[in-house]
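Working through the structure, step by step
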Amino acid sequence: MLRLTLQGMRARWVTFTGSFVALALGVGLIAATGLALAATFQAPHRGPERFAAAPVVVRATDTLRVSTPIGERTQRLADPRAVPAEVAAELARLGRTIEDRTFPVSYASVGGEDGEGAAAAGHPWSVAAVTPYRLTDGRAPRTPGEVVVAVATRERDRSGGGVAVGERVRVVTPAGADSRTVVGTVAATDFETAVFFTDAEAAQLSPRIDALVVHADAAAVRKAVRNAVRGTGSGIDVLTGDERRRADPDPDPDSEALVSVNALLGTAAGITCFVSVFVVASTFAFAVAQRRREFGLLRTAGATARQIRRTVFAEAVLVAVPASAAGCLLGAVGAPPLAAWMVDSGVAPPWFAIGDQTWPLHTAFWTGLCVAMAGVLTSSWRAGRIKPTEALREAALDKGTMPPSRWLLGALLLLGGLGLLVWSLATDPGEALKRKTYITRPMLLIVGFALYAPVLVPPLVRLVTWLPARLPGATGLLARENAATGVRRTAAVAAPVLITVALAASLLGTTATINEAKATEAATQTTADYVVAAPGEKGALPAPFVTRARSIPGAAVSASRSTAVTVLEEGVALVRSEARAVDPAALAAVSRLPVASGRVADLDDGGIVVNEEWLTRTVGQRVRVWLGDGREVTLRIVAVLRTGTGGNGVYVTPRNAPGAQVDRVDVAVRDGADATAVDAALREAGAATRTTVLTKDEWLARSHPRSSESTRLGLLLILGIALLYTGIALANTLVMATSDRVGDLAVLRLTGATKPQVLRLVAAEALVVVAVGSLLGAAVAGLNLLGLRGALALLSVRSPLVVPWGGLGAMVAASAVLAVLAAVVPALTALRTRPVEHAGTRE
């Protein structure tokens, strides 16, 4: 039996080569993405950076800690408190102390273009002694108006804006914009861009003490802190050793960076695994289905059903083992370039690299082997049941393509996909906007449609060939009959096209629609004519700009602050919600919030505005929350906002966000006011304080882009790998299918068809199959996008569906070109041989 198996593989080398290629590439993709994903599980260890030379660092805690029945829960505070003055005074008795202050600044060369300049962090010069900053040129600042800036040592124009000692720069601080002289430079670091002031000026610009460096014994410092804060409820951290890293500007950037990379690669790995399994199983099943007559002849010669099945499984093992091994090798070779591309494109941090983990290779190998076995399982069972008389059949009619098991499994998958869609719309419409939902749901529908392909192919073939079949000549008619009759072949070739169109349309269309919905929602809720926002996540607008904006005649101004509130839900889940601190009267003049119940105008220092995602969301109820600085308060719910696309946050008053600074100003022109005068006054205030003033449309374009660079790169990674594989799989399956029809092509030649006519027929059949796969994929994407549209409607977001016609058209066109080439080239090769030599060749 083994010799018979090897002889059969040698005779059908094209089919087995196609199966080998499909499996090797599939395993290679799984291995490559698995290795990249494994590299995100652990960030490199880093010690303290900014306070590396500080013996002891004292600061207010930046972590909220709440005890629950299942243990302590923690959340980062949005606005940590300052170090109390009494603590600083107590610690000064132990030894020398250095007060550190951190405040947002920006600077640019005097005479340069108007704008915000380079974002940086301001500090007192004395703290530089315990940081990595050392003078590379010039001297320390001695008087107000003098600064030291950080510049790159190799490329001065890269980090420090190209400034040099003696140069005048325009510096924007919380107190306003002034010209200052650069008296020194320090080497730039990768954790912040620093600007140093004299200690006195820094204290004037930012009176609060953010951290305190103490030159004393750590145990004595801890004892003094405990005595100083006893009974005050203030949380103070005493940091030494590696704990000093918690006082860095970004204490854990590596882990935070890996969270997004892990989510992206997890999604890519999931899609890659799904595509690989789908294509490999389809290819192996098609390879077995091509040999129905061969198995019938073996049965006629006396082979038992068990021997047929054993032969099929032996062939699958002989192909799958070396193919899976080759795939693991391809994955190991391809993973480092994938990681390098992610770093170069900014998707991953600069240090990201493939590690020495081997479990992804083991997983990929056994996944490939199991998928190959699963792909031939059903087909081998059917092969063993082939009747000997089937070998005498002359017409290549596909029969028994829909056994009961296929009907049942397809129905379960389609009902599952549609049922999950309906369930999410009925219970939680916002779930449809989450990436894990709009990625996994199409997978169920794709497999369901693929299982029902034998039923759907004949009517779709007749639909797409309705006009070509009626044109003069026999090409259209033959293409229709060949595609409709060879159901298995058509379904196998259409499968890669189905998955290509369905995934691309679903992901591209969903992300574009969600982005459009968010932009539409923001435009609807913002009635201001101008929006001025601070640069960066922790930026602040200069106080003089806010003061001047409020004094403009005819302008309604709302100055707000970014903060956060935390709530303990169900006694165990500590949930943080982004919030804004606003004056409710001013907010009403520049916004139109989607209020579900209550009134935003009732917001006061004892109230809070929440959204429908909160567990406690009844107007009048009181809810216990922790504010941005960690204070625990109980507030009354005065209004509840609709969930929307997820951007409708929480609102409190400025008194409940004491550590937050104004980072956004919305300005509306009052009815009857001179819009030109308001515009001129606002822009004059912006120019005087180096603050960028944007119209509402300009702000929307910046803050809610239709397609951000990170989203584009993420989709390129997720879709690029999968679609490249499906393209190769399409060509591979077509080569297998066309090479198996040399006998049919020879018969056409003997009946009088010329070579160009045969090639046109082969190309026409390939185009018909691509059209069928595209229609099936469009049906999957259509259901997914309609579900998304329904979810947006239930969330009260009126936004149109965005269908990426250009991208889909390009993918379908590329599939068509690839399909034609993959069908015509082997047909052309077969036609070089005299027709009479191939006339007796059967499947």
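A quick note: this is a predicted structure, and the numbers were derived from the prediction, not measured.

**Considerations on the environment of Leu-329**
With respect to the helices and strands, the residue Leu-329 is situated in helix α9 (residues 305–344). Leu-329 sits in the exposed class, given a relative accessible area of 57%. When the C-alpha positions of Leu-329 and Ala-32 are compared, they lie 9.4 Å apart, and in sequence the two are 297 residues distant.

**Quick look at unusual backbone geometry**
Positive phi outside glycine occurs at Glu-570, with the angle close to 60°. Tracing the backbone shows Glu-570 in the loop between β15 (555–569) and β16 (573–581). We classify Glu-570 as exposed; its relative accessible area is 67%. The phi angle at Ser-796 is positive, at roughly 65°, despite the residue not being glycine. Inspection of the secondary structure puts Ser-796 in the loop between α22 (755–794) and α23 (805–831). Classification of Ser-796 as partly exposed rests on a relative accessible area of 46%.

**Side note on the packing of helix α11 (residues 404–427) against α22**
Where α11 meets α22, the closest approach of the two axes is 10 Å, and the angle between their N-to-C directions is 10°. One way to sum up the angle between α11 and α22 is to call them roughly parallel. Along its contact with α11, which presents Leu-418, Leu-421 and Leu-425, the element α22 presents Leu-783, Gly-787, Gly-790, Ala-791 and Leu-794. Considering only residue class, the contact of α11 with α22 consists of six nonpolar, two polar and no charged.

**Re helix α12 (residues 435–451)**
Along its 17 residues, α12 runs 25 Å from first to last C-alpha, staying within 8% of the 24 Å computed at 1.5 Å per residue. Across the 17 residues of α12, twelve count as buried, placing the element largely inside the fold. Listed as buried for α12 are Thr-437, Tyr-438, Ile-439, Arg-441, Pro-442, Met-443, Leu-445, Ile-446, Gly-448, Phe-449, Ala-450 and Leu-451.

Criteria and thresholds
- Starting afresh in each chain, residues are numbered from 1 along the sequence in its written order.
- Reporting in this predicted model follows two pLDDT cut-offs: at least 70 for local features of residues, and 80 or more for side-chain atom pairs to be given and counted; totals over whole chains, interfaces and linings ignore these cut-offs and use all residues.
- Side-chain metrics rest on all non-hydrogen atoms present in the structure, leaving aside hydrogens and water.
- Only runs of H or I of at least four residues qualify as helices and only runs of E of at least two qualify as strands under DSSP, and these elements are numbered from the N terminus.
- Any residue under 20% of the maximum accessible area for its type is buried, any over 50% is exposed, and the rest in between are partly exposed; the area is computed with a 1.4 Å probe on protein chains only.
- For every element, the axis is a line fit to its C-alpha atoms; helices are fit only across the contacting stretch, and the angle between N-to-C directions ranges from 0 to 180 degrees.
- Relative orientations are named as follows: roughly parallel for angles under 35 degrees, roughly antiparallel for angles over 145 degrees, roughly perpendicular for angles from 65 to 115 degrees, and oblique for any other angle.
- A contact between two residues is defined here by any heavy atoms of the two lying within 4.5 Å.
- When residues are grouped by polarity, Ala, Val, Leu, Ile, Met, Phe, Trp, Tyr, Cys and Pro land in nonpolar, Asp, Glu, Lys and Arg in charged, and all others, Gly among them, in polar.
- Take the number of residues in a helix, subtract one, and multiply by 1.5 Å to get its expected span.

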